[in-house]
Each structure stands twice: as structure tokens, then as C-alpha cells.
Amino acid sequence: MKFLQHLHDLFVPHARNNYRPHALGHRHISLYAGLMLSLKLTTLFSLGFLPDNHAFSQGVSVKNIIELTNSSRNTFGLSALIENSLLDAAAQKKAEDMVANQYFAHVSPQGKTPWDFISAEGYKYMVAGENLAVNFQSAEGVESAWMNSPGHKANILNKDYKDIGIGIAEGTYQGSNAIFVVQMFGVIANQPYVSKDVYTKPQPLPVKTISAQYILPETKRVSLAKPVVYYDGPTVTNKNEVNLSGEAKGANAVYVMVNNAPLTQLPVVNGKFSGLVSGLAEGDNAISVISYNNAIDPGAKSAAIKIKVDTTAPQILNSEVQPYQENGNNEYLVKVKISGDTVKLVASSGDSGLLLYPTSDPQTWQGKISVANNKAFGNVNITAYDLAGNISAESLGSLANSTISNYGFLAKANAQVQILGHNLPLEGLKSFYLYFAVTLMIMLVFAIAIHPRVQHLAMIANVSALIILAMFYWVV
């Protein structure tokens, strides 16, 4: 009974509370005002002085990845891909398999390829492709990394693909929490198909077999001279093709062998050959050539040149910015944890930029951005480069000195703030003031309507002022 009596005194005006609900009394009004002010200051402090890695990022979700992929295709005038439930299922199982078996590669430790996962779901493809990502916290980060990697970009912008599927799985990887993203593409057998892309599943190449041509008439047992291969390009590349040249005296063609398997042939003119060799596999490739002439035995195999194909961009695992003052300047310590064979890491913001350097932990790089005279600047962009020329890029939260670029009418979409260690949506916090103002208004109207002849003008004035303050906080 005492509890019900307390609620009655709290919300209903009557003689015992002097026709002034306790919830609208001076003490409660002061408490409400203090709480709103504290929440507002905490929000501004979080936005102005605690930059968050992904404050303005879209979460990693199937919908966001597909939308960003189609946005990239639209930029290049390509049609949008259609989400396919079978590819979704294949991609999801591949993502879960990587978590379960602790690997990040197109082929699992058990030897399962992307095409095995796709076929297992009943997707009858003519051509298919796969992109992978790990340890990104935003959909933009994933798409940006893919679009800065030639191999991944080629998949996204392949004009032949019609369908897309996305798989996302969370777990641990190399001792840290991680998000695995699998993006699969395809065109089914009864859909129009124009041309094959070098970044899709390898197709049988139209090369001639040379094993049956080694047996020649006994009267012509003369062997060709050993050919020589010239190559002055990079030994590590993100392209699956190289330009070869060399000499093959007496031959009319050379067969190009990659890891001791025939790949293609190049014509020989006046004892010399040159041409583009495509279809190199990810990883190490030992390339050699064998001279051939219909009337003479094949020559000995040339010395091999070794080329490593690496189309996987460095992965930005984690990044943070710690602001502090030194020598009268605004300085920010940028720390980035990265995987892969990174050789250069650059942090930039506005007109300022610097090279980051590895610490005692080779996966952790850091450096300081210093801006004199409190000059404001925007987002920090992290760009990683590897030996093969692959690039990863990611944007951290805004480091603007003034919260004007982070809050109010100029706030970016999907902004978040950090309250008590938790990331909360800015729009949700601002809506709180609107709901609170409406609640106060209902309580005030109810208090006035119950006893219209007995009113407290001070209470009405105080509550009205608090409603105006809440609406102001909601707007700005």
C-alpha cells in the first residue's frame, strides 16, 4: 500500500502533495536538468576528444557489403549484382570453415577450394570468383581494401558476373577476435556469359600436349640448343601475368612451363621469342621454357625464373589514435596493427601525413601526427603497401579539434559516441531528449487537467523551461 501511495504522490496532484506531483517538484526538475546536462557534456566530450576508429562506419553485414559492392560497380557503369541464396550459403560455410580451421586462404588446409563450397550448395556455375577479408570493423574498410587490390577489384568489376553471395563469421584468429568476410561471385550455366576473367576459377588452357611429340624418326635424332629466358621484371607481383623474352636457336616455338606443367606456347622468330604469359597461380611460380621444332628433338629445359604472385593486400587488424599535447601543438599518436608482408605504412590527415614505423612487435607500427597552432583536420587515413604493390586503406574517426564537424547538423551519418566503454548511436542518444520532452509535456498536461482550479504557476514555468531545454538538446 505504501508503494502505491508513493506512486500516487509522485504523479497525481491531490491535497496530500499540495496539488503538485512530486515528479514535477523543484528537486526532481533540478535532477532532470542535471542528468540531461551531464549526458550532453559526455556526448560532446566523446565526439570532440576521444576519436573512435569506426565512429562513422557502416557495420560489417551482408546488406552493407552488397550495397557497397554494387556502388563500386555502378561507378564503373556496370550492372548491379543480385544476391543469390545458394552463394550466400556457400560463402557462409566458407567463412565458418575458416574460423573453425584457423586459416585465411582460398584453399582450406583440407584442400577444399571455393568451387567445392559453391558446388556443394547446388549452384551450377559457368564461372565463379571469391574475395576474402579478415579483421575489418567496417563495411567501408572491407570494400576499400578490395578496391585497392587489383585481383579483388577485378572480381568486383567483372562484367560477366550476375550473382553475389556474402558470408560473415566471427571468432578468434591468431589470438585476437576477428571477423571473416567471404564474397562469392558467379554466373550460372543458363545465364549469358561473354568472356572468362583471369581472376576467376582457372579454366583449361588451349595448350598442345608435347609428350606425344617427343618421339621422332630415328633418322633425325638431333636436339635443339638449350633456350635462354630473359626477364627483368619484379620477382614479387600482384599480377598473374608476366612478359617473357629469350632466345631459342633453331626452334619455331617454345612451350612455357610453370612448376613443370605446360601453360602456353610462344612463337620463335629468327631464334628469338617474346610474349605475355598469363594464368600464373597465387604463390610461387617457377617458369621455364622448352624449345620445339617439328623436325628436331625438343631442346633441354631452360633455367627457371622464380616469380611470386601475391594478390592479397596487407590486412589492417586494428588501429587507434591517442591525442595529447606536446610543445604547444596538437599531436596524435597513431598505432596500427597489421598482418601480411607490409613494407610501408602511411597515416595522413588533411595536409599532414607521416610514415609509420614498426615497433618491437613487427605487426605493430606507430608514429605521431603533429599539427601546429591547433589547426583542425579531419579523418585519419591509413594506407598499407606490400612488396607486390597491393594496397590496403582504412579511414579512422574524425580528429577535428572542434566538435562542430562531429555533432549537430554537420554530424556524419551513422555517427557513434563512446559512453562508459560502449559505442552508442548518436541519433539514439539525441532521440532521448525528444522522448523525455514529450513525457514531461504529458505529465504537465495531466497535472493541470486533474485540478484546473488549483494550479502552481512556478511548477508550470519550471517544467515548461525544462521541456524547452530538452527540445534544444534534441535539435542541436
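The rules we used
- Residues numbered from 1 in each chain as written.
- Predicted model: local features only at pLDDT ≥ 70, side-chain atom pairs only at ≥ 80, totals over all residues.
- Heavy atoms only, no water.
- Helix = DSSP H or I, 4+ residues; strand = E, 2+ residues; numbered from the N terminus.
- Buried < 20%, exposed > 50% of the residue type's maximum accessible area, 1.4 Å probe, protein only.
- Contact = heavy atoms within 4.5 Å.
- Areas by Shrake-Rupley, 256 points an atom, 1.4 Å probe, with all protein chains shown as cover.
- Patch = residues over 30% accessible without salt bridge, like charges linked within 9 Å, V, L, I, M, F, W, Y side chains within 5 Å.
- Salt bridge = Lys/Arg side-chain N within 4 Å of Asp/Glu carboxyl O.
- Phe/Tyr/Trp six-rings, centres within 6.5 Å; stacked < 30°, edge-to-face > 60°.
- Pairing = 2+ DSSP bridges.
- Core = buried A, V, L, I, M, F, W, Y, C linked by side-chain atoms within 4.5 Å.
- Polar contact = N/O pair within 3.5 Å; in protein donor to acceptor, adjacent residues only side chain to side chain.

Notes on the overall build of the chain
(1) Moving on: The helix and strand tally for the chain stands at nine helices and 21 strands.
(2) Moving on: Residues counted as buried form 45% of the 476 residues belonging to the chain.
(3) Moving on: The long-range fraction of contacts in the chain, counting pairs at least 24 apart against all pairs at least 6 apart in sequence, stands at 67%.
(4) Moving on: Accessible surface for the chain amounts to roughly 24,000 Å². Of this, 58% is attributable to carbon and sulfur atoms.

Brief notes about a nonpolar patch on the surface
(1) Moving on: Where nonpolar side chains cluster on the molecular surface, the patch consists of Phe3, Leu4, Leu7 and Phe11 and spans about 410 Å² of accessible area.
(2) Moving on: By the secondary structure assignment, phenylalanine 3 is in helix α1 (residues 2–11).

Let's talk about the packing of aromatic side chains
(1) Moving on: A full pass over the atoms with the stated rule returns seven aromatic pairs.
(2) Moving on: Each ring, one from tyrosine 161 and one from phenylalanine 185, has its centre 5.1 Å from the other, and the planes form 10 degrees; the classification is stacked. Placement of the pair is tyrosine 161 in the loop between α7 (150–156) and β3 (163–173) and phenylalanine 185 in strand β4 (residues 176–188), with a sequence separation of 24 residues.
(3) Moving on: With relative accessibility at 0%, the residue phenylalanine 185 sits in the buried group.

Some words on the sheet that holds strand β11 (residues 283–292)
(1) Moving on: Taken together, the eight strands give an open sheet; going across it, the order is β5-β7-β10-β9-β8-β11-β12-β6, and neighbouring strands pair in mixed fashion. Strand pairing shows two members of the sheet lacking a second neighbour, β5 (228–230) and β6 (236–237), which therefore form its edges.
(2) Moving on: Direction of pairing for strand β8 (residues 253–258) relative to strand β9 (residues 261–269): antiparallel, over a ladder of six bridges. Paired with valine 254 across the strands is leucine 266, a residue of β9.

Let's talk about the nonpolar core
(1) Moving on: Counting residues in hydrophobic clusters, the biggest one holds 23 residues, and the most contacted among them are Val142, Trp146, Ile166 and Val181.
(2) Moving on: Of all elements in the fold, only α3 (62–75), β2 (125–134), α6 (139–147), β3 and β4 reach the threshold of two or more residues within this core.
(3) Moving on: The biggest single contributor to this core is α6, with five residues.
(4) Moving on: If sequence neighbours within four positions are ignored, valine 181 has contacts with Val60, Asn131, Leu132, Ala133, Val142, Trp146, Ile166 and Gly167.
(5) Moving on: In this structure, Ile29, Tyr433, Leu440 and Leu466 belong to the second largest nonpolar core, which totals 22 residues.

Structural notes on the environment of arginine 73
(1) Moving on: Note on placement: arginine 73 falls in helix α3.
(2) Moving on: We classify arginine 73 as buried; its relative accessible area is 0%.
(3) Moving on: Between the C-alpha atom of arginine 73 and that of asparagine 158, which follows or precedes it by 85 residues, the distance is 8.7 Å.
(4) Moving on: Apart from residues lying up to four places away in sequence, arginine 73 is in contact with Leu78, Ser79, Leu81, Ile156, Leu157, Asn158, Lys159 and Tyr161.

Structural notes on the pattern of salt bridges
(1) Moving on: For the structure shown, the criterion picks out three salt bridges.
(2) Moving on: For glutamate 130, the salt bridge is made with lysine 94, and the minimal N-O distance between the two is 3.0 Å. Placement of glutamate 130 in strand β2 and of lysine 94 in helix α4 (residues 85–101) is noted, with a sequence separation of 36 residues between them.
(3) Moving on: Classification of glutamate 130 by relative accessible area gives buried; the value is 5%.

Looking at the side chain of asparagine 84
(1) Moving on: Within the element layout of this structure, asparagine 84 appears in the loop between β1 (82–83) and α4.
(2) Moving on: On the accessibility criterion, asparagine 84 (17% relative accessible area) is buried.
(3) Moving on: Within the structure, asparagine 84 has its side chain in polar contact with the backbone nitrogen of leucine 87 (distance 3.1 Å).
(4) Moving on: Leaving out residues up to four positions away in the same chain, asparagine 84 has contacts with Tyr123, Asp163, Ile164 and Gly165.

What to know about the environment of tyrosine 103
(1) Moving on: If you trace the backbone, tyrosine 103 turns up in the loop between α4 and α5 (114–120).
(2) Moving on: Considering only alpha carbons, one finds tyrosine 103 and glutamine 174, 71 residues apart in sequence, at a separation of 9.2 Å.

A look at the side chain of glutamine 183
(1) Moving on: The residue glutamine 183 is located in strand β4 in this model.
(2) Moving on: For glutamine 183, a relative accessible area of 0% corresponds to the buried category.
(3) Moving on: At 2.8 Å, the side chain of glutamine 183 forms a polar contact with the side chain of threonine 69.
(4) Moving on: Leave out the neighbours within four places in its chain, and glutamine 183 touches Ile65, Thr69, Gly129, Glu130, Asn131, Trp146, Ile156, Ile164, Gly165 and Ile166.

Here's the deal with unusual backbone geometry
(1) Moving on: A positive phi angle, close to 55 degrees, is found at asparagine 259, a residue other than glycine.
(2) Moving on: Checked against the element boundaries, asparagine 259 lands in the loop between β8 and β9.
(3) Moving on: Using a relative accessible area of 44% as the deciding quantity, one classes asparagine 259 as partly exposed.
(4) Moving on: Non-glycine residue asparagine 270 carries a positive phi angle of around 55 degrees.

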